[in-house]
Amino acid sequence: MRKVIIKQQQYLGMKLIFVFTFFLTLVATISHSQIPPEKLIKIVVAPNHDDWTYKIGEKVEFAISVSQNSIPLKNIKIDYEVGPEKFEPTQKKTLTLANGTLKIDGGTMKQPGFLRCIISTEINGVKYRNLATAGFEPENIIPFAQLPADFNQFWEGGKKELATYPLDAKMVLLPERCTEKVNVYQLNIQGFGKGSRVYGILCVPKKEGKYPALLKVPGAGVRPYNGDIATAELGVITLEIGIHGIPVTMDPVVYTNLANGALLNYPNFNLDDRDKFYYKRVYLNCIRANDFLVSLPQYDGKNLAVTGGSQGGGLSVVTAALDSRVQFLAAMYPAMCDLTADLKGRAGGWPRYFDKWNMAFNNKPDKIKTCGYYDVVNFAKQLIVPSFFTWGYNDEVVPPSSMFAAYNSITSPKEFVPILETGHWAYGEQYTLLNNWLFDKIKVKSN
């Protein structure tokens, strides 16, 4: 594992080249991430290996502390549970921390995977919770996803149909978003399927010249987009797309209403039919977005990259696998990996089609079959370009075992930076590391 995982201490000690980008992405992180706010009472949970990683059969011990003002709290009652991530705990007890600290024998695992310790307490009527997750030989996690025999033929057919639709690009300048260096547009192009449209925010450097291009694919949800102006000011054409075929500059209440109405639970739409499944149009429209980017006269003709997090992390892998024009991909906590793993007793990727809540509804042959054509693991196997990934062991939305199942399937050059304590969120520094990797690959300078 040490060969494929770059130690976080080395990366965090690196000189951060693109300081400007750090501050911009930090603002984005604060606005859209799930970083938990600081609380008066702090629960710290930590495995007894610095890298949180163990061999099969090796025991893990979790150190627990509960403090206020950095002082351990005495005689605090806690509830703890230990078990495989996203499954019922194998240990579940209530204990008292006489001196504010405690060590818990978490046991071990017999197969590669992740063992999670969750601590909760209630003090003065306020509930507190934290967790830590130990990885057991995650570099040996083998995906359960099955590659359909006609996987490549299916997607080649989709791309051929996509090519029959004219691009029909429409650009509307957004003067209020333009800067001294960048023009900003709402883009509207023909997508996959007659009448289907793809909307996004396009940012193009004003200075005459040829530039690399970056496609930014979105995380899950229904919302407007601002576009990546900061990166465009560094000399990159950026296109941030939505996936729902609706304009991305409407009043926020429209997206709220759609998320709670017509687009509620959209990842499940038509899961029983591989040809009508919601994500078929989504995957192919990522390629259509690249069709537009490479058509721009400002594009340098060779440097095209894709990036995103969560759903967007999965879409980044899919896009790079399906589109040979993509040269690099960088992803955070990619979703939609190893979707059927829950059926085998290990946590599958978001949106957890076969967890205990969805099992009865989705555990059907046609839905399982459809998953094979859309599982990010099967796209990861097709990658031939360099890739960069970062995520944490504590992710409760996208299980780390599902992400490793995809990462371990990649045979092309790859890099992974673990920021262990993070859940389904990232530090500002992670965005900087990811951007530094991307900018180095596509030869972007900070000035």
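What you see is a predicted model, and the numbers here were worked out from it, not measured in a lab.

Rules behind the numbers
- Residues numbered from 1 in each chain as written.
- Predicted model: local features only at pLDDT ≥ 70, side-chain atom pairs only at ≥ 80, totals over all residues.
- Heavy atoms only, no water.
- Helix = DSSP H or I, 4+ residues; strand = E, 2+ residues; numbered from the N terminus.
- Rg over C-alpha atoms; globule rule 2.2 N^0.38 Å.
- Buried < 20%, exposed > 50% of the residue type's maximum accessible area, 1.4 Å probe, protein only.
- Contact = heavy atoms within 4.5 Å.
- Lys, Arg positive; Asp, Glu negative; His and termini not counted.
- Charge placed at Lys NZ, Arg CZ, Asp CG, Glu CD.
- Pairing = 2+ DSSP bridges.
- Axes fitted to C-alpha atoms, helices over the stretch in contact; angles between N-to-C directions.
- Disulfide = S-S within 2.5 Å.
- Salt bridge = Lys/Arg side-chain N within 4 Å of Asp/Glu carboxyl O.
- 1 Å grid on protein atoms, 1.4 Å probe; cavity = no way out; pocket = protein on both sides within 12 Å on 5 of 7 lines; lining within 4 Å.
- Points joined across faces, edges and corners; volume = space filled by probe spheres on them.
- Nonpolar A, V, L, I, M, F, W, Y, C, P; charged D, E, K, R; others polar.
- pLDDT = per-residue confidence, 0-100.

We now examine the overall build of the chain. When helices and strands are tallied, the chain shows twelve helices and 18 strands. Here the C-alpha atoms of the chain give a radius of gyration of 22 Å, agreeing with the 22 Å that 2.2 N^0.38 yields for 447 residues. By principal-axis analysis of the C-alpha atoms, the chain measures approximately 70 × 50 × 45 Å. Out of the 447 residues in the chain, the part that is buried amounts to 54%. Put simply, of all contacts in the chain between residues at least 6 apart along the chain, 70% involve residues at least 24 apart. For the chain, the separation between the mean place of its 49 positive charges and that of its 41 negative charges on side chains is 1 Å.

Once that is clear, we can look at the sheet that holds strand S10 (residues 170-173). In space, the nine strands of this open sheet follow the order S10-S11-S12-S14-S13-S15-S16-S17-S18, with mixed pairing throughout. Each of the sheet's edge strands pairs with one partner strand only, and the pair in question is S10 and strand S18 (414-418). Put simply, the sheet's adjacent strands are angled 20 degrees from each other on average, direction ignored. Its contacts with the sheet put helix H12 (residues 428-441) on strand S13 (211-216), strand S15 (299-309), strand S16 (328-332), strand S17 (387-391) and S18, and the angle it makes with S16 is roughly 175 degrees.

Applying the stated criterion across every chain yields a total of zero disulfides. Cysteine 203 provides the cysteine sulfur closest to cysteine 178, a residue in no disulfide bond, and the two sulfurs are 8.6 Å apart. Residue cysteine 178 is classed as partly exposed on the basis of its relative accessible area of 21%. Here cysteine 286 is not disulfide-linked; the sulfur of cysteine 337 is the nearest cysteine sulfur, at 15 Å. For cysteine 286, a relative accessible area of 1% translates into the label buried.

Using the criterion set out here, one finds 16 salt bridges in the structure. A salt bridge links arginine 129 to glutamate 396; its shortest N-O distance comes to 2.7 Å. In this pair, arginine 129 sits in strand S9 (residues 126-136) while glutamate 396 sits in the loop between S17 and helix H11 (400-407), placing the two residues 267 residues apart along the sequence. For arginine 129, a relative accessible area of 47% puts it in the partly exposed group. Within this structure, Asp150, Arg274, Asp275 and Lys280 form a network of salt bridges that share partners.

Looking at where threonine 340 falls in the secondary structure, it is placed in the loop between S16 and helix H8 (359-362). Residue threonine 340 is classed as buried on the basis of its relative accessible area, which comes to 13%. When residues no more than four places from it in sequence are discounted, the contact partners of threonine 340 are Phe144, Ala145, Phe354, Ile368, Cys371 and Asp375.

What follows concerns the side chain of asparagine 285. Relative to the helices and strands, asparagine 285 resides in helix H6 (residues 278-295). Of the residues examined, asparagine 285 reaches a relative accessible area of 5% and is grouped as buried. Setting aside anything within four residues of it in sequence, one finds asparagine 285 in contact with Gly191, Phe192, Ser196 and Val198.

Strand order in the open sheet formed by five strands is S2-S9-S8-S5-S6, and the pairing between neighbours is mixed. Edge positions in the sheet fall to strand S2 (53-54) and strand S6 (91-97), since each of these pairs with one other strand and no more. Here strand S5 (residues 76-84) runs beside strand S8 (residues 113-123); their pairing, made up of six bridges, is antiparallel. Looking across to S8, one finds that proline 84 is bridged to leucine 115.

Looking now at empty space enclosed by the protein. Across all of its chains, the model carries two cavities of 30 Å³ or more by this definition. The computed volume of the largest cavity comes to approximately 60 Å³. Lining the largest cavity we find Gly221, Val222, Arg223, Tyr225, Gly242, Ile243, His244, Ile246, Pro247, Val248 and Tyr255. Counted by class, the lining of the largest cavity contains seven nonpolar, three polar and one charged residues. In this model, the second largest cavity occupies a volume close to 40 Å³.

Right, let's get into the confidence of the model for the chain. The predicted coordinates of low-pLDDT regions are not to be read in fine detail. Scored by pLDDT, the chain has a mean of 92; 91% of the residues are at 70 or more. Considering only residues more than four positions removed or in separate chains, one finds that residues 1-33, a stretch of pLDDT under 50, has 56 contacts.

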